[in-house]
Amino acid sequence: MATRTVLAIDIGTSSVKMALITESGELSSYSRTSLHPYYTDHDPADAWVKAVTEGASALVGIASAAAVCVTGNGPTLVPLDADLQRSAPAVTWIGTKPKPLEECRSLYLPRLMAEAEQDPGLTSRSSCFIGCPEYITLRLTGIASTFLPDERFTPYIWDDAQLGKLGLDGGLFPPMVDTGERIGHVTAGASAQFGLPAGIPVFAGLVDFHAALLGCGTVRPGMTCDRAGTSEGINYLSPDPIAGDGLRTLPGITPGTWTVAGLLPASGEVFEWFRWEAGLEELSYTELTRLITMSAPQQEYRFYPVRDFSKDPGDPFAGGVFSDGGNCSDDPGKRGRAVVEGIGFSVRKALDLLGDQGCRVDSLRHCGGQARSYHWNYMKAQILRVPVEVPRIIDAELLGCAVVALTGLGHFGSLVEAAESLVVVDRIYSPLKRTALHYDSSYELWLAGQAPSSALYSS
């Protein structure tokens, strides 16, 4: 009997990743399409569609996909008109600073209200505001929806009380559909554009950090996922909500769990900033991480990643600060080592914040771009002093989509069962005591001159 495959789509901040994944969790075909060439019109939503079109054409066997599920970045919203066409550029999580709103738990509405202040006609000329993965699902099915991972998550998206308080018409927001529910089917038009079989089911997806938790198998209380992309989140799964400075608690994707997270809004972004500022953009990711992680450990200067929304909104990233005032091109190997250590120490600080609230991290499931580097994974294990576990499918968001789609098809009885069946840990990086002791002293030096925590963490 032929092996069933499902199509997983992940709309990231810097790229679109797509894969065909089998019912046994094997990655059958994969594509990654950079979004940067498509950003010339300054509308991310248009870039996503173009990148999905290109990525789909590179997949071998896409015509035999049995189902589709989409994940994507958030909290991001796409304004649409009455014909479900874009009425304004997407309001992205990375491009719009949220407006402070009293008694507002929504992660989306503060950004929408901030954008509406800059564009007063935004809500009047729009008939609908839809999330990032929901927008691609709309293009596949013709049906507008809002993905709901858990009933407890409703106020963190939006609800009638918050919409009413802000004077927003509830009709502007598509109905919520539970993750894993069948939204509709691939239309004939979408089939022609993307090469998918017309009529196959499209299941309600989820935001990327929930997809990563599933795709890493982080589904039981006490487990921790380090999802490292443009931003980075250290997500500890707790049976109870926990409050703490520098941490964000949200309902989990699996029943009865909460994600308690330390968030680094720019870990991957700071690495790319260093690559360009040091003039090393021609080096591959593997070559660059090997160069900088094989350089001698640095104590004569340190690096603090900083993301600054006070700058031009089109270029909000300040990069970071070296303690000696130097720039990236001065001995890029050593400078790069300091950058990677600064990112690692930021993660360790997140683990300290979790530990202060009783969330003991004994190991990390690590996914995302950084997890591709053997050298970086090894260094992270030493800095954090806990084992770093890397799944076979490093782009965990894709496997998380497959978990949802295969459960929706009835191949598994629940998301937890599917995740635990499909996720395979491929490598484990364990800390060495002697090396870890060096990083302990380096960490103390780093903390001694640390920038304010608000520059490193964001809710």
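Residues numbered from 1 in each chain as written. Predicted model: local features only at pLDDT ≥ 70, side-chain atom pairs only at ≥ 80, totals over all residues. Heavy atoms only, no water.

## Considering the overall build of the protein chain
Now for step 1: Across its full length, the protein chain holds 14 helices and 19 strands.
Now for step 2: The proportion of buried residues among the 459 residues of the protein chain is 59%.
Now for step 3: Carbon together with sulfur atoms contributes 51% to the accessible area of the protein chain, which is approximately 17,900 Å² in total. (Helix = DSSP H or I, 4+ residues; strand = E, 2+ residues; numbered from the N terminus. Buried < 20%, exposed > 50% of the residue type's maximum accessible area, 1.4 Å probe, protein only. Areas by Shrake-Rupley, 256 points an atom, 1.4 Å probe, with all protein chains shown as cover.)

## Digging into the sheet that holds strand S19 (residues 425-429)
Sheet strands line up and pair through hydrogen bonds in the backbone, either parallel or antiparallel.
Now for step 1: Pairing is mixed in the open sheet, where seven strands are placed in the order S13-S14-S12-S11-S17-S18-S19. Both edges of this open sheet fall to strand S13 (248-251) and S19, since each of them pairs with a single strand only. Across the sheet, the axes of successive neighbouring strands diverge by a mean angle of 30°, strand direction being ignored.
Now for step 2: Taken together, the five bridges between strand S11 (residues 224-228) and strand S12 (residues 232-238) define a ladder with antiparallel strand orientation. By the bridge assignment for S12, Arg227 is matched with Gly233.
Now for step 3: The sheet contacts of helix H11 (residues 374-384) involve S11, S12, strand S17 (364-368), strand S18 (388-391) and S19, and relative to S19 the element is tilted by about 55°. (Pairing = 2+ DSSP bridges. Axes fitted to C-alpha atoms, helices over the stretch in contact; angles between N-to-C directions. Contact = heavy atoms within 4.5 Å.)

## Remarks on unusual backbone geometry
Now for step 1: Between Gly74 and the following residue, Pro75, the backbone shows a cis peptide bond with an omega angle of 0°.
Now for step 2: Even without glycine at this site, Glu103 takes up a positive phi of about 55°.
Now for step 3: Among the secondary structure elements, Glu103 is positioned in the loop between strand S5 (77-80) and helix H2 (109-118).
Now for step 4: Phi is positive for Asp331, which is not a glycine, with a value near 50°.
Now for step 5: Under the relative-accessibility criterion, Asp331 is labelled partly exposed at 41%.

## Description of the pattern of salt bridges
Now for step 1: Here the structure, examined in full by the defined rule, presents 22 salt bridges.
Now for step 2: A salt bridge links Lys17 to Asp10, with the shortest nitrogen-to-oxygen separation between them at 3.9 Å. Per residue, the accessibility class of Lys17 equals that of Asp10, and both read buried.
Now for step 3: Connected through shared salt-bridge partners, Asp43, Asp46, Lys50 and Arg86 make up one network. (Salt bridge = Lys/Arg side-chain N within 4 Å of Asp/Glu carboxyl O.)

## Structural notes on the packing of helix H8 (residues 267-277) against helix H9 (residues 285-293)
Now for step 1: In contact at an axis separation of 12 Å, H8 and H9 are set at 85° when each is read in the N-to-C sense. With respect to each other, H8 and H9 are oriented roughly perpendicular. The segment H8 lies against H9, with Phe271, Phe274 and Arg275 engaging Tyr285, Leu288, Thr289 and Ile292.
Now for step 2: Here the residues of the contact of H8 with H9 sort into five nonpolar, one polar and one charged. (Parallel < 35°, antiparallel > 145°, perpendicular 65-115°, else oblique. Nonpolar A, V, L, I, M, F, W, Y, C, P; charged D, E, K, R; others polar.)

## As for the pairing of S5
Now for step 1: Here S5 shows a buried face lined by Leu77 and Pro79 and a second buried face lined by Val78 and Leu80.
Now for step 2: Pairing analysis gives four bridges linking S5 to strand S6 (residues 128-131), with the strands arranged antiparallel. Its bridge partner being in S6, Leu77 is matched across the sheet by Gly131.

## Examining the environment of Thr249
Now for step 1: Here Thr249 is to be found in strand S13.
Now for step 2: By relative accessible area, which is 17% here, Thr249 ends up buried.
Now for step 3: Measuring from C-alpha to C-alpha, the distance between Thr249 and Leu237 comes to 9.7 Å, with 12 residues separating the pair along the chain.
Now for step 4: There is a polar contact of 2.3 Å between the side chain of Thr249 and the backbone oxygen of Ile242. (Polar contact = N/O pair within 3.5 Å; in protein donor to acceptor, adjacent residues only side chain to side chain.)

## Here we look at the nonpolar core
Now for step 1: Grouped together as the largest cluster of nonpolar side chains are 57 residues, with contacts concentrated most on Ile21, Leu109, Leu112, Trp158, Phe173 and Leu214.
Now for step 2: Contributing elements (two or more residues each) for this core: strand S1 (5-11), strand S2 (15-22), H2, helix H4 (154-157), strand S10 (201-207), helix H7 (208-216), helix H12 (396-408) and helix H13 (415-422).
Now for step 3: Tallying contributions element by element places H12 first for this core, with nine residues.
Now for step 4: Residues Val260, Leu280, Phe303 and Val339 belong to the second largest nonpolar core, which totals 40 residues. (Core = buried A, V, L, I, M, F, W, Y, C linked by side-chain atoms within 4.5 Å.)

## Points about the environment of Thr146
Now for step 1: Assignment of secondary structure puts Thr146 in strand S7 (residues 146-148).
Now for step 2: For the pair Thr146 and Ile130, spaced 16 residues apart in sequence, the C-alpha to C-alpha distance is 6.9 Å.

## Considering the sheet that holds S1
Now for step 1: Pairing in this open sheet of six strands is mixed, and the strands run S3-S2-S1-S4-S10-S9 from one edge to the other. Unpaired on one side and paired on the other, strand S3 (27-34) and strand S9 (182-185) mark the two borders of the sheet. The average angle at which neighbouring strand axes cross in this sheet is 20°, direction not considered.
Now for step 2: Strand direction decides the pairing type here: strand S4 (residues 68-72) and S10, joined by four bridges, are parallel. The residue bridging Val68 from the neighbouring strand is Val202, located in S10.
Now for step 3: Lying on the sheet, helix H1 (residues 44-57) is in contact with S1, S2 and S3; it crosses S2 at an angle near 40°.

## A few points about the packing of H7 against H12
Now for step 1: Contact geometry of H7 with H12 gives a least axis separation of 6 Å together with a crossing angle of 80°. Judged on the interaxial angle alone, H12 and H7 are roughly perpendicular. Between H7 and H12, the residues in contact are Asp208, Ala211, Ala212, Leu214, Gly215 and Cys216 and Ala396, Glu397, Leu399, Gly400, Val403 and Val404, respectively.
Now for step 2: Classifying every residue of the contact of H7 with H12 by side-chain character gives eight nonpolar, two polar and two charged.

## Side note on the confidence of the model for the protein chain
Now for step 1: For the protein chain, the mean per-residue pLDDT works out to 88, and 93% of the residues sit at or above 70.
Now for step 2: Taken as a whole, residues 308-317 scores under 50 in pLDDT and shows 18 contacts with residues more than four places along the chain or in a different chain.
Now for step 3: Every residue in residues 452-459 is under pLDDT 50, and counting partners more than four places away or in other chains gives 21 contacts. (pLDDT = per-residue confidence, 0-100.)

## Quick word on the side chain of Thr13
Now for step 1: When you line up the elements, Thr13 lands in the loop between S1 and S2.
Now for step 2: A relative accessible area of 19% places Thr13 in the buried class.
Now for step 3: Separated by 3.1 Å, the side chains of Thr13 and Trp93 make a polar contact.

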